[in-house]
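As a plain string of letters, each chain reads:
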Amino acid sequence: MSKGKLIVLEACDGSGKATQTKKLYERLIKEEYKTIKVQYPNYDSQSSALIKMYLNGEFGDKPEDVNAYAASTFYAVDRFASFKKEWEDFYNDGGIVLADRYTTSNMVHQASKIDNKEEKYKYLDWLWDLEFNLMRLPIPNTVIFLDMPPKYSRELIMNRKNKFTGKNEKDIHEKDESYLIHSYENACEIADKYNWLKINCVYNEKIKTIDEIHEEIYNAITKSL
């Protein structure tokens, strides 16, 4: 039996990505696709311990206090643990894995810490080799990028709880506005570089409805199912 498909939804913070991943998952299940949903970081697993320490500011209160290479290993190990324990067999048996974030998030958030383009692309090559060659994690078949500019996502971020503490205090990524802007600019560059499918979440200065965005995502991914 051929291996399954890995579909990744990627975006910057405050894009409604978790909502869209859930909505897409529920639709695929209803249409009887063999599908599971995974989310990164996996905060329910012990494998996310270093990520929690990093985002909680235990290694420094600014994202740049931990360089891109070091931070990336935290997330890569979490993904490896999830793959081996939760979905490797399902994927190898031909199932569809729908991922809320993936290696693509390191490309978006960690690469944004590197200003020099040559050094950034060197990091991206290193990351690809680490996760897909050395750790042998599956390469996504499709990456959907939800394009939500920071001026629209900022309010959504401010009104939500911290994902792993449940408190109002934001993590070091979410409370650093300049980092959010820089990450978004980098994400747009990365999406073009790797030919991700881009879904514009804003039209005529207004955020599209959840259903409008969902339909665009669904239409984009069904071509590859």
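Residues numbered from 1 in each chain as written. Predicted model: local features only at pLDDT ≥ 70, side-chain atom pairs only at ≥ 80, totals over all residues. Heavy atoms only, no water.

Trainee: How should the sheet that holds strand 3 (residues 96-100) be read in this particular structure?
Mentor: Backbone-to-backbone hydrogen bonds pair the strands of a sheet. The strands run either parallel or antiparallel. Read across the sheet, five strands follow the order 2-3-1-4-5 without closing on themselves; strand pairing throughout is parallel. Every interior strand has two partners, whereas the edge strands, strand 2 (35-39) and strand 5 (197-200), have only one. Put simply, the sheet's adjacent strands are angled 20° from each other on average, direction ignored. Direction of pairing for strand 2 relative to strand 3: parallel, over a ladder of five bridges. The residue bridging Lys 37 from the neighbouring strand is Leu 98, located in strand 3. The strands touched by helix 1 (residues 17-30) are strand 1 (5-11), strand 2, strand 3 and strand 4 (142-147); relative to strand 2, the strand with the most contacts, the crossing angle is about 165°. (Pairing = 2+ DSSP bridges. Helix = DSSP H or I, 4+ residues; strand = E, 2+ residues; numbered from the N terminus. Axes fitted to C-alpha atoms, helices over the stretch in contact; angles between N-to-C directions. Contact = heavy atoms within 4.5 Å.)

Trainee: Where do I start with the confidence of the model for the protein in this structure?
Mentor: Segments scoring low in pLDDT should not have their predicted coordinates read at a detailed level. Of all residues in the protein, 90% have pLDDT values of 70 or greater, and the mean over the chain is 90. The spread of mean pLDDT over the elements of the protein runs between helix 6 (residues 150-158), the lowest at 71, and helix 5 (residues 117-134), the highest at 98. (pLDDT = per-residue confidence, 0-100.)

Trainee: Please explain the pairing of strand 4 as it appears in this structure.
Mentor: Across a regular strand the side chains alternate sides, sitting on one face of the sheet and then on the other. With respect to burial, strand 4 is a largely interior element, six of its six residues being buried. Of the two faces of strand 4, the one carrying Thr 142, Ile 144 and Leu 146 and the one carrying Val 143, Phe 145 and Asp 147 are both buried. Taken together, the five bridges between strand 1 and strand 4 define a ladder with parallel strand orientation. Note that in strand 4 the partner of Glu 10 across the bridge is Phe 145. Note that strand 4 and strand 5 share four bridges and pair parallel. (Buried < 20%, exposed > 50% of the residue type's maximum accessible area, 1.4 Å probe, protein only.)

Trainee: For this particular structure, what's the right way to read the environment of Asp 13?
Mentor: Within the secondary structure, Asp 13 sits in the loop between strand 1 and helix 1. Sequence separation between Asp 13 and Arg 154 is 141 residues, and the spatial gap between their C-alpha atoms is 8.4 Å.

Trainee: What am I meant to see in the packing of aromatic side chains here?
Mentor: The description of two aromatic rings rests on the distance between their centres and on the angle between their planes. Counted under the stated rule, the structure contains 14 aromatic pairs. Centre to centre, the rings of Tyr 69 and Trp 126 are 4.7 Å apart; their planes meet at 65°, and the pair counts as edge-to-face. Taken together, the positions of Tyr 69 in helix 3 (residues 68-92) and Trp 126 in helix 5 put the pair 57 residues apart, joining distant regions of the chain. A relative accessible area of 30% means that Tyr 69 is categorised as partly exposed. Between the aromatic rings of Trp 128 and Tyr 194, the centroid separation amounts to 6.0 Å while the plane-to-plane angle is 5°, which identifies the pairing as stacked. (Phe/Tyr/Trp six-rings, centres within 6.5 Å; stacked < 30°, edge-to-face > 60°.)

Trainee: Even after reading the chapter, I still don't get the state of the cysteines, so can you show me in this structure?
Mentor: Two cysteines whose sulfur atoms are joined by a covalent bond form what is called a disulfide. Enumeration according to the criterion identifies zero disulfides in this entry. Looking at the unpaired Cys 12, the closest cysteine sulfur is the one in Cys 188, lying at 7.1 Å. (Disulfide = S-S within 2.5 Å.)

Trainee: Help me understand helix 8 (residues 210-222) in this model?
Mentor: The α-helix advances 3.6 residues per turn, and as a result positions three or four apart in sequence lie on the same side. Over its 13 residues, helix 8 runs 18 Å from end to end, which matches the ideal 18 Å to within 8%, given 1.5 Å per residue. Structurally, helix 8 contributes buried residues whose contacts are with strand 1, helix 1, strand 4 and strand 5. (Expected span 1.5 Å × (residues − 1).)

Trainee: Any chance you could explain the environment of Pro 149 here in plain terms?
Mentor: Within the secondary structure, Pro 149 sits in the loop between strand 4 and helix 6. Taking the C-alpha atoms as reference points, Pro 149 and Leu 180, 31 residues apart in sequence, are found 9.6 Å from one another.

Trainee: Would you take a moment to explain the pattern of salt bridges for this structure?
Mentor: Two side chains of opposite charge can pair, provided their charged atoms sit close to one another. Inspection of the entire model under this criterion finds 15 salt bridges. The shortest N-O distance in the salt bridge between Asp 211 and Lys 23 comes to 3.1 Å. With Asp 211 in helix 8 and Lys 23 in helix 1, this residue pair connects regions lying 188 residues apart in the sequence. Residue classification places Asp 211 among the partly exposed positions, given a relative accessible area of 46%. Lys 120 serves as the salt-bridge partner of Glu 189, at 3.2 Å between the closest nitrogen and oxygen. In this pair, Glu 189 is assigned in helix 7 (residues 177-193) and Lys 120 in helix 5, connecting sequence segments 69 residues apart. The buried category is assigned to Lys 120, whose relative accessible area is 8%. Here the salt bridges share partners, and the residues they tie into one network are Arg 27, Glu 31 and Glu 215. (Salt bridge = Lys/Arg side-chain N within 4 Å of Asp/Glu carboxyl O.)

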